Amino acid sequence: MSKLDLMLSDEIKAGLGTRILGREVISYAQISSTNNVALELAAGGTQEGTLVTAEYQTFGRGRRKRKWLSPARTSILASLILRPSIMLHEAQSIVLISAVAVAHAIRNVTQLPALIKWPNDVMVNDRKVSGILAEMRTEGSMVKFIVLGIGVTVNLPRSRFPKEIMDVATSLSHELGHGVSRIALLQEILRQLEQRYVKIKEHKIDNIIAEWKALSATIGRQVRITLPRRIINGHALDIDESGALLVRVSTGEIQRIMADDAVQLRVMQD
Ligand code: BTN
């Protein structure tokens, strides 16, 4: 691994070109979780746009209390502090634009056909390459801050995949047959995200759902969704403004599934 490919704050900031996201970058070799550190910093008043990165997390966290496993120096492990003046019900739009930004950035940097699996996994060739964990603190009905954690599996040969995720995950280097600059990809994610984030701050959210749907690997497909107490089989029709998935089940009824309730979603063969 060359020194140049280490995720150092100065290299991440060099030529970044954003105004808000990444204006301060704090890079760690090893920490518990970039989300944990960013949550502490945000609670202590650290400014919006601050980015925390790590080469290795000892307690990387995924959605629904799952672990996020990434061998050292193979991935983008990054958390952003955001302080949008938006209401609680608008917060889901941040998660939607994050998946769109990651998918666009992967497409731009690698030309791989990245798609989004509901709610916010980014997939390449039906395997997961990126996950997003958004954690929020509120004040009444307003958002106080959001910590947006992004993990992307970039340079990881199949032989080094943790066995727990072997069947469902992939890396960009495996799909491409060569390595990818994590810094170039992270910078592109920040640029793609900022373009959309400034619109959310101005409450201009019209395009968000359309953009998300244009990259969706889920809408229009037969799906099986595991919820805490039941399984739903049906046809994924759409998402609504809160990011919930609308599924038509065999009785013809349309069910609205909240992202936080979905334990697992499988796209079935049509
Ligand atoms: C998921 O798909 O379950 C979400 C995974 C999010 C992982 C990232 S890695 C950087 C940040 N720090 C964490 O502990 N989790 C997120």
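Chains are numbered independently. Their residues run from 1 in the order of the written sequence. Local features are withheld for residues below a pLDDT of 70 in this predicted model, meaning they are given only at 70 or higher, and side-chain atom pairs are given and counted only at 80 or more; totals for whole chains, interfaces and linings count all residues. Side-chain measures were taken over the full set of non-hydrogen atoms in the model, leaving aside hydrogen atoms and water.

So, about the packing of aromatic side chains. Aromatic ring pairs are described here by two measures, namely the spacing of the ring centres and the angle between the planes. Each Phe, Tyr or Trp ring, with Trp reduced to its six-membered ring, pairs with another whose centre is within 6.5 Å; inter-plane angles below 30 degrees give stacked pairs, above 60 give edge-to-face pairs, and intermediate values give tilted ones. Evaluated as defined, the whole model comprises zero aromatic pairs. A ring has a charge above it when a Lys NZ or an Arg CZ is no more than 6 Å from the ring centre and no more than 35 degrees off the ring normal. Above the ring of Phe161, the side-chain terminus of Arg158 is found at 5.3 Å from the ring centroid.

Next up on the list: the sheet that holds strand S11 (residues 254-257). Strand pairing follows a simple DSSP-based rule, namely that at least 2 bridges must link the two strands. Helix and strand assignments come from DSSP, with helices taken as H or I runs of at least 4 residues and strands as E runs of at least 2, each series counted from the N terminus. The antiparallel open sheet is built from five strands, whose spatial order is S11-S10-S9-S8-S12. Both outer strands of the open sheet, S11 and strand S12 (264-267), are each paired with one neighbouring strand and no more. Across the sheet, the mean angle from the axis of one strand to that of its neighbour is 40 degrees, orientation sign disregarded. As judged from the four bridges shared by strand S10 (residues 245-248) and S11, these two strands associate in the antiparallel manner. Bridging from a neighbouring strand, Leu245 pairs with Ile257 of S11. Only C-alpha atoms enter the line fits that serve as axes; for helices the fit covers just the stretch in contact. Angles between N-to-C directions range over 0 to 180 degrees.

Here we have seven strands laid out as an open sheet, ordered S1-S2-S3-S7-S6-S5-S4, and mixed in their pairing. The open sheet has two free edges, formed respectively by strand S1 (25-31) and strand S4 (115-117), since each of these has just one partner strand. Geometrically, the sheet is characterised by an average inter-axis angle of 20 degrees between neighbouring strands, direction not taken into account. Pairing of strand S5 (residues 121-124) with strand S6 (residues 127-139) involves three bridges; the strand directions are antiparallel. Paired with Met123 across the bridge in S6 is Lys128. Any pair of residues with heavy atoms lying within 4.5 Å of one another is described as a contacting pair. Contacting S1, strand S2 (51-57), strand S3 (75-82), S6 and strand S7 (142-153), helix H2 (residues 34-43) runs over the sheet at an angle of about 155 degrees to S7. The sheet strands contacting helix H5 (residues 182-201) are S2, S3 and S7, and the helix crosses S3 at an angle near 30 degrees.

As used in this record, nonpolar core signifies buried Ala, Val, Leu, Ile, Met, Phe, Trp, Tyr and Cys residues forming a set joined through side-chain atoms within 4.5 Å. A simple rule labels every residue: compare its accessible area, found with a 1.4 Å probe on the protein chains alone, to the largest value its type can have, and call it buried under 20%, exposed over 50%, or partly exposed in between. Among the nonpolar cores identified, the biggest contains 64 residues, and Ile106, Val152 and Leu172 are the most heavily contacted of them. If one sorts the elements of this core by residue count, helix H3 (residues 92-110) sits on top with ten residues. Judged by nonpolar contacts, the second largest core, of ten residues, contains Val37, Leu39, Ala54 and Phe145.

Nothing here speaks to function; it is all geometry.
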